[in-house]
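Here is how the chains run, residue by residue.
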Amino acid sequence: MYFESNCQALLSTHAQHAATVDQLRAVSPITEFELNPCPDGGYTLLYRGVALHDPQGPLSEAEAVIAQQATLVADRVHVVLGLGLGYLLEALSEKSPGQMVVYEPDAALLRFVLENVDLAHLLSLPRVALFCDQQDFLLYLRKKLYSQYKLDILTLRGSAALLAQEIQPLMEQITRMELFRVQDFKTGQHFHQKWIQQFFGNAPNFAAMPTLDDLVDSFTDKPALVISRGPSLDAALPWVRALADAVVLIAVGGALHRLHDHGITPDFALFYDANGMKEQVHGLPDAYLEQITFVMSPFTQPAVFDMPSRGKLLMLAQNNMQFVDFLDEALQRKHCRLGGGGTVSIIGFQMAQRMGCNPIALVGQDLAFPHNQVYAGGVAMRLNEKGQLDLEASESLYTAPYDLTTVPGQDGKPLPTLQSYQSFLIHLEEMAALNAKSERPAQLWNASLGGAHIEGFPLLDLQRWVGQWPCWKQPHALSQPPAWTAEAQQGRAKSLNKAIQDLQVELIGHIRFLKEQGRLAGRNQSDLRKLANLTLGVNQAIYTRFSEAPFAAYLLIHEMRAYREQFQETLTLPDGPLKAQKVIKTFCQSAASFLEEQILPTVRQASELCLSRARGNDAPADPADPADDGIVDWPAQVS
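Basis of the calculations
- Residues numbered from 1 in each chain as written.
- Predicted model: local features only at pLDDT ≥ 70, side-chain atom pairs only at ≥ 80, totals over all residues.
- Heavy atoms only, no water.
- Helix = DSSP H or I, 4+ residues; strand = E, 2+ residues; numbered from the N terminus.
- Contact = heavy atoms within 4.5 Å.
- Areas by Shrake-Rupley, 256 points an atom, 1.4 Å probe, with all protein chains shown as cover.
- Axes fitted to C-alpha atoms, helices over the stretch in contact; angles between N-to-C directions.
- Parallel < 35°, antiparallel > 145°, perpendicular 65-115°, else oblique.
- Left-handed = near helix turned anticlockwise from the far one by under 90°.
- Nonpolar A, V, L, I, M, F, W, Y, C, P; charged D, E, K, R; others polar.
- Core = buried A, V, L, I, M, F, W, Y, C linked by side-chain atoms within 4.5 Å.
- Buried < 20%, exposed > 50% of the residue type's maximum accessible area, 1.4 Å probe, protein only.
- Salt bridge = Lys/Arg side-chain N within 4 Å of Asp/Glu carboxyl O.
- Patch = residues over 30% accessible without salt bridge, like charges linked within 9 Å, V, L, I, M, F, W, Y side chains within 5 Å.
- Phe/Tyr/Trp six-rings, centres within 6.5 Å; stacked < 30°, edge-to-face > 60°.
- Lys NZ or Arg CZ within 6 Å of the ring centre and 35° of its normal.
- Pairing = 2+ DSSP bridges.
- Lys, Arg positive; Asp, Glu negative; His and termini not counted.
- Polar contact = N/O pair within 3.5 Å; in protein donor to acceptor, adjacent residues only side chain to side chain.

## Describing the overall build of the protein
Right, on to step 1. Helices and strands together make up the secondary structure of the protein, namely 21 helices and 20 strands.
Right, on to step 2. Sequence separation of at least 24 residues holds for 69% of the intrachain contacts in the protein that already meet a minimum separation of 6.
Right, on to step 3. Of the roughly 28300 Å² of accessible surface on the protein, 51% is carried by carbon and sulfur atoms.

Structure representation (structure tokens):
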């Protein structure tokens, strides 16, 4: 009766719901059940010997679960395990401004509920999502967690009984996902300022650079190797060389030395890191690099933009998507985005997918340290003076293992690895599962023999590939990547410069706003009620300001997060308003200083360089020259 209207409500909110609806349309609803009315006006469903809701009071049961298991704030994602008849979701939507994700793995039960209960008013809310496939559910939840939402898990007693076998392993996956999110958040916190500085430092180059958009479907059904520097690379090198003219070679920058030493020239070299560019290309001859197309992140260490190469392409990833949004708007083009994942090899794999390559094989992607080997070329761990496994420093290595754990090897035995590698492994497995569900799934292989087991990537001895495809490259490199015309480059440079100038104006406005709010928050009130209203008003003004300025909010993401948590915690104290007033003042002062002293000078310098490029020369622009399209000579400090 209600099935189609509920399905249409789902389809109106999230694209991911299409798979859920398709799955539900393919199953029949349950037929063995007992529906009973309850004293409070609700109903309970007796299914498989379990009452989905409290027979005495489904409505009061939902209220009690929310009171015990949920924090009703906007930055929460509430995971509801088991939809039941929808009472918990209904009550939660009325009480919380947060996000809600329902996981109901029993498709036949879910089909029955959607047939007989009108939930369209809930399922049409953008903040409500519903899944019956565990993988789809976890992928959606990951995005929410990585958007800085905090997590609640809610389930009714009846749903918990029905999901008894699934809840524990599911919670282990969610816990691990949250640990990886914290790990990635700390990485972002460590590199955040460097990413900002290097993005704007590199910005003048963007106007002249083609992007990965120009390679989409350009190598349809061409085989590809994504080559990393894991220990197994050495054994694979003879076969990589034999295949070099028949497959697309996508190398992570760190693998270039081993490839060069064995006479292999990759078609593409990926550079994603904010550090370590010197080490990745240290000692490689210019003549070798000039045969390779570089693919670079906007945050890549600036030195790589000046290195010799066959050509350079800009790669934009969903990580730091606010910067990609900024470039979309500045250059008036919706750019292709790759997903994140933490390792350049994952970027390389997605790049091969977008280029239409098929099959795709991972080479040297061990994601573990077999025989304590860390990198190809015999680089092994050793015991340091503390008795811990470590790496010796060298010109070509700039990281060392820490936070060691284990993952299953290809023979089922545990292999030592990093905790970060464990998260990369999970990302690759998720991507393999998504590939299998896609309209044009590519064949995936793992030629990293001896490394970690990667579900979805069957093992491959590269020798089997030799001779399977004609040699179509002359001799190694591909055609020169497309480039913008001089006129187009100049137009793009002007558009980019205007966007950066507009950002300067916006940042100055934010700095003045923060300073004013800091002064306002510093006004003591003898009346506690007035002080509380003032404190809450200033807090709301800050959040309203930055919710309407997502790019500036991203620049302050770590400061904003710490402030939000401290402010909410402080308000619960007996003298909360007074202490929260100090929290606001401290935040406003530090955020204003960060924008004024760290970010604004970087943006100004980028604007001057962009204007110079737009005018067709590399001379610094004169801020006082009206012909320079109005680079504003802002005061050294913003009052």
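## Regarding the packing of helix α7 (residues 134-146) against helix α9 (residues 164-206)
Describing two packed helices takes the angle between their axes plus the distance from one axis to the other.
Right, on to step 1. Relative to each other, α7 and α9 sit at 30°, their axes nearing to 10 Å. Here α7 is positioned roughly parallel relative to α9, judged by the angle of their axes. Where α7 crosses over α9, the two elements pack in a sense that is right-handed. Contacts from Gln 134, Phe 137, Leu 138, Leu 141, Arg 142, Leu 145 and Tyr 146 in α7 reach Glu 166, Leu 170, Gln 173, Ile 174, Met 177, Glu 178, Phe 180, Arg 181 and Asp 184 in α9.
Right, on to step 2. Of the residues contributing to the contact of α7 with α9, the split by class is 9 nonpolar, 2 polar and 5 charged.

## Brief notes about the nonpolar core
Right, on to step 1. Core analysis: the largest hydrophobic core is formed by 91 residues, its most contacted members being Leu 225, Ile 227 and Leu 462.
Right, on to step 2. With 14 residues, the top contributor of residues to this core is helix α21 (residues 576-614).
Right, on to step 3. Discounting chain neighbours no more than four positions away, the residues touching Leu 462 are Leu 225, Ala 236, Trp 239, Val 240, Leu 243, Val 363 and Ala 447.
Right, on to step 4. Judged by nonpolar contacts, the second largest core, of 46 residues, contains Val 248, Leu 415, Phe 424 and Ile 454.

## Observations concerning the pattern of salt bridges
Right, on to step 1. Applying the stated criterion across every chain, the model contains 22 salt bridges.
Right, on to step 2. Note that Lys 150 is salt-bridged to Glu 565, the shortest N-O span being 3.2 Å. Of this pair, Lys 150 sits in strand β7 (residues 150-154) while Glu 565 sits in helix α20 (residues 557-571), and the two are 415 residues apart along the sequence.
Right, on to step 3. Across the salt bridge formed by Arg 333 and Asp 214, the nearest N and O atoms sit 4.0 Å from each other. In this pair, Arg 333 is assigned in the loop between α14 (321-331) and α15 (344-354) and Asp 214 in the loop between α9 and β8 (224-227), connecting sequence segments 119 residues apart.
Right, on to step 4. Arg 333 sits in the partly exposed class, given a relative accessible area of 24%.
Right, on to step 5. Salt bridges here are not isolated pairs; linked through shared partners, they connect Asp 325, Asp 328, Lys 334 and Arg 337.

## Topic: a nonpolar patch on the surface
Right, on to step 1. Taken together, the side chains of Phe 33, Leu 35 and Tyr 43 present a nonpolar region at the surface, about 270 Å² in accessible area.
Right, on to step 2. Here Tyr 43 lies in strand β2 (residues 43-47).
Right, on to step 3. Judged by its relative accessible area of 39%, Tyr 43 falls in the partly exposed class.

## What about the packing of aromatic side chains?
Right, on to step 1. Considering all chains together, one arrives at 27 aromatic pairs under this definition.
Right, on to step 2. Taking the centre distance of 6.5 Å and the plane angle of 70° together, the rings of Phe 513 and Phe 546 count as edge-to-face. You can see Phe 513 sitting in helix α17 (residues 486-521) and its partner Phe 546 sitting in helix α18 (residues 528-547), a full 33 residues away along the chain. Residue Phe 513 shares its accessibility class with Phe 546, and that shared class is buried.
Right, on to step 3. Put simply, the rings of Trp 195, Phe 199, Phe 200, Phe 206, Phe 299, Phe 323, Phe 326, Phe 551 and Tyr 554 touch in pairs and so form one group of aromatic residues.
Right, on to step 4. The cationic tip of Arg 229 hangs over the ring face of Tyr 375; the distance from NZ or CZ to the ring centre is 5.1 Å.
Right, on to step 5. It is Arg 464 that lies over the ring of Trp 445; its NZ or CZ is 5.5 Å from the centre.

## Topic: the sheet that holds β2
Right, on to step 1. Ordered by their spatial adjacency, 3 strands build an open sheet running β1-β2-β3, and the pairing between neighbours is antiparallel. Either end of the sheet is taken by a strand with one partner, and the two such strands are β1 (34-37) and β3 (50-51).
Right, on to step 2. With 4 bridges joining them, β1 and β2 adopt antiparallel strand pairing. Bridging across to β2, Glu 34 finds its partner in Leu 46.

## Describing the side chain of Lys 312
Right, on to step 1. Tracing the backbone shows Lys 312 in strand β12 (residues 311-314).
Right, on to step 2. For Lys 312, which is buried and forms no salt bridge, the nearest opposite charge comes from Asp 306, at a distance of 7.2 Å.
Right, on to step 3. Looking at Lys 312, its side chain comes within polar contact range of the main-chain oxygen of Met 307, at 2.6 Å.
Right, on to step 4. A polar contact is formed between the side chain of Lys 312 and the side chain of Ser 309, at a distance of 2.9 Å.

## Details of the environment of Thr 31
Right, on to step 1. With respect to the helices, strands and loops of the structure, Thr 31 is situated in the loop between α2 (17-25) and β1.
Right, on to step 2. Separated by 78 residues in sequence, Thr 31 and Leu 109 have C-alpha atoms that sit 9.1 Å apart.

## Some thoughts on the packing of α9 against α17
Right, on to step 1. Axis separation between α9 and α17 bottoms out at 9 Å; the angle between their running directions is 155°. Looking at the two axes, α9 sits roughly antiparallel to α17. Judged by residue contacts, Phe 200, Ala 203 and Phe 206 of α9 engage Arg 492, Leu 496, Ile 500 and Leu 503 from α17.

## Considerations on the environment of Lys 473
Right, on to step 1. Relative to the elements of secondary structure, Lys 473 occurs in the loop between β20 (444-446) and α17.
Right, on to step 2. Overall, the relative accessible area of 3% leaves Lys 473 in the buried class.
Right, on to step 3. Sequence separation between Lys 473 and Asp 245 is 228 residues, and the spatial gap between their C-alpha atoms is 5.2 Å.
Right, on to step 4. A polar side-chain atom of Lys 473 sits 2.6 Å from a polar atom in the side chain of Asp 267.

## Points about the pairing of β12
Along a regular strand, successive side chains alternate from one face of the sheet to the other.
Right, on to step 1. Of the two faces of β12, the one holding Gly 311 and Leu 313 and the one holding Lys 312 and Leu 314 are both buried throughout.
Right, on to step 2. In the sheet, strand β11 (residues 293-296) pairs with β12 via 4 bridges, with the strands oriented parallel. Looking at the pairing, Val 295 lines up with Leu 313 of β12.

## What about unusual backbone geometry?
Right, on to step 1. Cis rather than trans, the peptide bond between Asn 358 and Pro 359 has omega equal to 0°.
Right, on to step 2. One can find Pro 359 in the loop between α15 and β13 (360-363).
Right, on to step 3. Backbone geometry places Asn 372, a non-glycine residue, at a positive phi of 65°.
Right, on to step 4. Position of Asn 372 relative to the elements: it lies in the loop between β13 and β14 (373-375).

## Brief notes about the environment of His 371
Right, on to step 1. Relative to the assigned elements, His 371 resides in the loop between β13 and β14.
Right, on to step 2. For His 371, a relative accessible area of 76% puts it in the exposed group.
Right, on to step 3. As for His 371 and Leu 415, which are separated by 44 residues in sequence, their C-alpha atoms are 8.5 Å apart.

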